[in-house]
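Spelled out from the first residue to the last, the chains are:
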Amino acid sequence: MSQRVALITGSGKRIGAATASLLLSEGWFVFLHVRNSLDEARTILQDFHDKHGVSPAAEILQADLNSDEEISSLIDTVLRHEIVENNGGLHALVHNASIYNSTDFEEVSLETLRLNNRIHIEVPFLLTQGLLPLLKSAQGCVIGMVDTSVGRAWNGLSHYTASKAGLRQLMINLAGDLAPEVRVNCVGPGAIVAAEWESEHFESVLQSVPLGRAGDVDDVAKAVQFLLDSPYLSGQIINVDGGWSIAP
Ligand SMILES: NC(=O)c1ccc[n+]([C@@H]2O[C@H](COP(=O)([O-])OP(=O)(O)OC[C@H]3O[C@@H](n4cnc5c(N)ncnc54)[C@H](OP(=O)(O)O)[C@@H]3O)[C@@H](O)[C@H]2O)c1
């Protein structure tokens, strides 16, 4: 029987890991892409085995997405993989890998700006373009993990929010360009899991979240699953943010 196949970038930890685990438990074949989190990704697969008594349908693919060679090699590996050949292509591509650091605007280096644009815009562009034949043949869905910064000013994060705005617009544009074969959507997590540097500040952020608490990684994973399972949804952004984006 044919199986749906997904590639999730940056899926060794946190939101990406929760999304990979959910799709695995729904019977998907998942390519878990990681850069450094190889052990964490192996733990996801071991946990699945311990829980279900069988090995998950999955493969871990390692690549530094800041390297042209490693991006090309990741694309080639998926294009040539027997699992996509046997299952009609790639049904989901989730652009989840991200970097997130706060720096005063005066201190942001060109290198930092370029790295944010690289990971949040160039990589999703190149992976979507490179894997397009597989996405088309499976009538797949691309999902960009954005955030809720659109239209708002986040202190010390201009390099990050500008690049996520680029990803959001790239996804919206591709929803038009790639229709009708491929659907393209976004998920915008709000305050879900704090980065190490913002753990103190995170509590004050939560005070402006209408639901009054942080979200869970599984809340975001379920939004991804919902979009993948909704064949008439394209060009949409689901904010998983406890109402943060509409708070006064
Ligand atoms: N956490 C939140 O509350 C929140 C809020 C708003 C939006 N989001 C968005 O939701 C998504 C997931 O959030 P998260 O906090 O779980 O993400 P994260 O932990 O900040 O990053 C996810 C993964 O990105 C990978 N990555 C970073 N640079 C890479 C590179 N050069 N090459 C390859 N992989 C690289 C890392 O993989 P390795 O660990 O393998 O190196 C990392 O584990 C992100 O797109 C984020 O912007 C999250």
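Before reading on, note that the structure itself is shown above.
Parameters at a glance
- Residues numbered from 1 in each chain as written.
- Predicted model: local features only at pLDDT ≥ 70, side-chain atom pairs only at ≥ 80, totals over all residues.
- Heavy atoms only, no water.
- Near = heavy atom within 4 Å.
- Polar contact = N/O pair within 3.5 Å; in protein donor to acceptor, adjacent residues only side chain to side chain.
- Nonpolar A, V, L, I, M, F, W, Y, C, P; charged D, E, K, R; others polar.
- Pairing = 2+ DSSP bridges.
- Helix = DSSP H or I, 4+ residues; strand = E, 2+ residues; numbered from the N terminus.
- Axes fitted to C-alpha atoms, helices over the stretch in contact; angles between N-to-C directions.
- Contact = heavy atoms within 4.5 Å.

**Student:** Looking at this model, I keep getting lost on the site of the ligand. Mind explaining?
**Tutor:** The full set close to the ligand counts 27 residues, and Arg 14, Arg 35, Ser 37, Leu 65 and Asn 96 are the nearest of them. Here an oxygen atom of the ligand sits 3.2 Å away from a polar atom, N or O, in the side chain of Tyr 160. Ile 192 places a polar main-chain atom, nitrogen or oxygen, 2.9 Å from an oxygen atom of the ligand. Among the residues forming the shell around the ligand, the class breakdown is 13 nonpolar, 8 polar and 6 charged.

**Student:** Would you take a moment to explain the sheet that holds strand S1 (residues 5-8) for this structure?
**Tutor:** Sheet strands associate in pairs through backbone hydrogen bonding, adopting either a parallel or an antiparallel arrangement. One open sheet accounts for 7 strands, arranged S3-S2-S1-S4-S5-S6-S7; its pairing is parallel. Whereas interior strands pair on both sides, the edge strands pair on one side only; in this sheet they are strand S3 (58-62) and strand S7 (237-240). Across this sheet, the average inter-strand angle for adjacent strands is 15 degrees, counted without regard to direction. Here S1 pairs with strand S2 (residues 29-34) via 4 bridges, running parallel. When the bridges of S2 are listed, Val 5 appears paired with Phe 29. Of the strands in this sheet, S1, S2 and S3 are in contact with helix H3 (residues 68-80), which crosses S3 at around 155 degrees. This element, helix H5 (residues 110-130), spans strand S4 (92-95) and strand S5 (141-145) of the sheet and lies at about 170 degrees to S4.

**Student:** Please explain the environment of Val 205 as it appears in this structure.
**Tutor:** Position of Val 205 relative to the elements: it lies in helix H8 (residues 199-206). Taking the C-alpha atoms as reference, Val 205 lies 44 Å from Ser 2; in sequence the two are 203 residues apart. Those residues in contact with Val 205, other than ones at most four positions away along the chain, are Ala 191 and Trp 244.

In short, the description is geometric, and any link to function would need to be established separately.
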